Amino acid sequence: MKVLIACEYSGRVREAFRAKGHDAWSCDILDSDDNSKYHIKGSALDILDDNWDLMIAHPPCTYLTNSGVRWLHERPERWAQLDDGAEFFSKLLNADIPKIAVENPIMHKYAVERIGRKHDFCLQPYEHGEPHSKKTCFWLKGLSKFGPTNIIDRSQVSQSCWKLPPSKDRWKLRSTTYLGVAKAMAEAWG
Ligand SMILES: C[S@@+](CC[C@H](N)C(=O)[O-])C[C@H]1O[C@@H](n2cnc3c(N)ncnc32)[C@H](O)[C@@H]1O
């Protein structure tokens, strides 16, 4: 399949699909971390019509998720940023591609209202061989949800991604897809 991994700088989902023999490409406005020749630097919106069979998208969640909802009431400019974030998310979810999965954390009700529906399913990294907790939700088109592939004992699981100390790269460390989750997506949808 010709596979687009939109909003991905890490290349982790791209490489999981390539390992299964797919013609997979990542796209981000940032450079790819692995300098891959299979990375397209630019806006994913500009390449949505390039005859993809499957797209997995990881759009920014800053203005859409529960963890940021209180700022909407404290910083009025956040409402316009929410509108922009929801519009970008909806353009990805409604793209003319047969199979689509768009990923984000749990959304607050104002984002759900704008996008028009809740997620189809959620997973946890500790259900896919990673000793971390970070609820991750998917909105699907033409794809089915999948279950745990390798459950880690809860006593081994950390919330480490939320507890990282402030740093220049903290947002990246928090938003990079876990390898076990990337592999599970490629197994299920590849
Ligand atoms: C939450 S991060 C996802 C990171 C991903 N999980 C990974 O492992 O690389 C969201 C990404 O969306 C990218 N982004 C924002 N606007 C974009 C656009 N118009 N087209 C492509 N990528 C975009 C950001 O640069 C950021 O890297």
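Whatever comes next refers back to the structure up there.
Asks: Explain the sheet that holds strand S6 (residues 121-123) here, please?
Replies: In a beta sheet, neighbouring strands are held together by backbone hydrogen bonds and run either parallel or antiparallel to one another. Sheet architecture is open: seven strands sit in the order S3-S2-S1-S4-S5-S7-S6, paired in mixed fashion. Of all the strands in the sheet, the pair left with one neighbour each is strand S3 (39-41) and S6. Averaged over all neighbouring strand pairs, the angle between strand axes comes to 20 degrees, with direction disregarded. Across the sheet, helix H1 (residues 12-19) touches strand S1 (2-6), strand S2 (23-28), S3 and strand S4 (54-57), and the angle it forms with S2 is around 175 degrees.

Asks: Could you clarify how one ought to interpret a nonpolar patch on the surface in this entry?
Replies: A cluster of nonpolar side chains, Ile29, Leu30 and Trp171, forms an exposed patch at the surface whose accessible area comes to about 320 Å². Considering the arrangement of structural elements, one finds Leu30 in the loop between S2 and S3. Overall, the relative accessible area of 33% leaves Leu30 in the partly exposed class.

Asks: Would you mind going over the packing of aromatic side chains with me for this structure?
Replies: When we look at a pair of aromatic rings, we describe it by the centre distance and by the angle of the planes. In the structure shown here, the tally under the stated rule is eight aromatic pairs. Ring centres 5.0 Å apart and planes at 80 degrees place the aromatic pair Phe89 and Trp139 in the edge-to-face group. On the criterion of sequence distance, the pair formed by Phe89 in helix H3 (residues 78-93) and Trp139 in strand S7 (residues 136-141) is long-range, its members being 50 residues apart. Per residue, the accessibility class of Phe89 equals that of Trp139, and both read buried. Considering the side-chain rings of Phe121 and Phe138, the 5.2 Å spacing of their centres and the 20 degrees angle between planes classify their relative orientation as stacked. Of this pair, Phe121 sits in strand S6 while Phe138 sits in strand S7; the two residues are 17 residues apart in sequence, bridging distant segments of the chain. Classification of Phe138 by relative accessible area gives buried; the value is 0%. Through a chain of ring-to-ring contacts, three or more aromatic side chains come together here, namely Phe121, Phe138, Phe146 and Trp189. A cation sits over an aromatic face here: Lys2 above Trp52, 4.6 Å from the ring centre. Sitting above the plane of the Trp71 ring, Arg70 keeps its charged end 4.2 Å from the centroid.

Basis of the calculations
Residues numbered from 1 in each chain as written. Predicted model: local features only at pLDDT ≥ 70, side-chain atom pairs only at ≥ 80, totals over all residues. Heavy atoms only, no water. Pairing = 2+ DSSP bridges. Helix = DSSP H or I, 4+ residues; strand = E, 2+ residues; numbered from the N terminus. Axes fitted to C-alpha atoms, helices over the stretch in contact; angles between N-to-C directions. Contact = heavy atoms within 4.5 Å. Patch = residues over 30% accessible without salt bridge, like charges linked within 9 Å, V, L, I, M, F, W, Y side chains within 5 Å. Areas by Shrake-Rupley, 256 points an atom, 1.4 Å probe, with all protein chains shown as cover. Salt bridge = Lys/Arg side-chain N within 4 Å of Asp/Glu carboxyl O. Buried < 20%, exposed > 50% of the residue type's maximum accessible area, 1.4 Å probe, protein only. Phe/Tyr/Trp six-rings, centres within 6.5 Å; stacked < 30°, edge-to-face > 60°. Lys NZ or Arg CZ within 6 Å of the ring centre and 35° of its normal.

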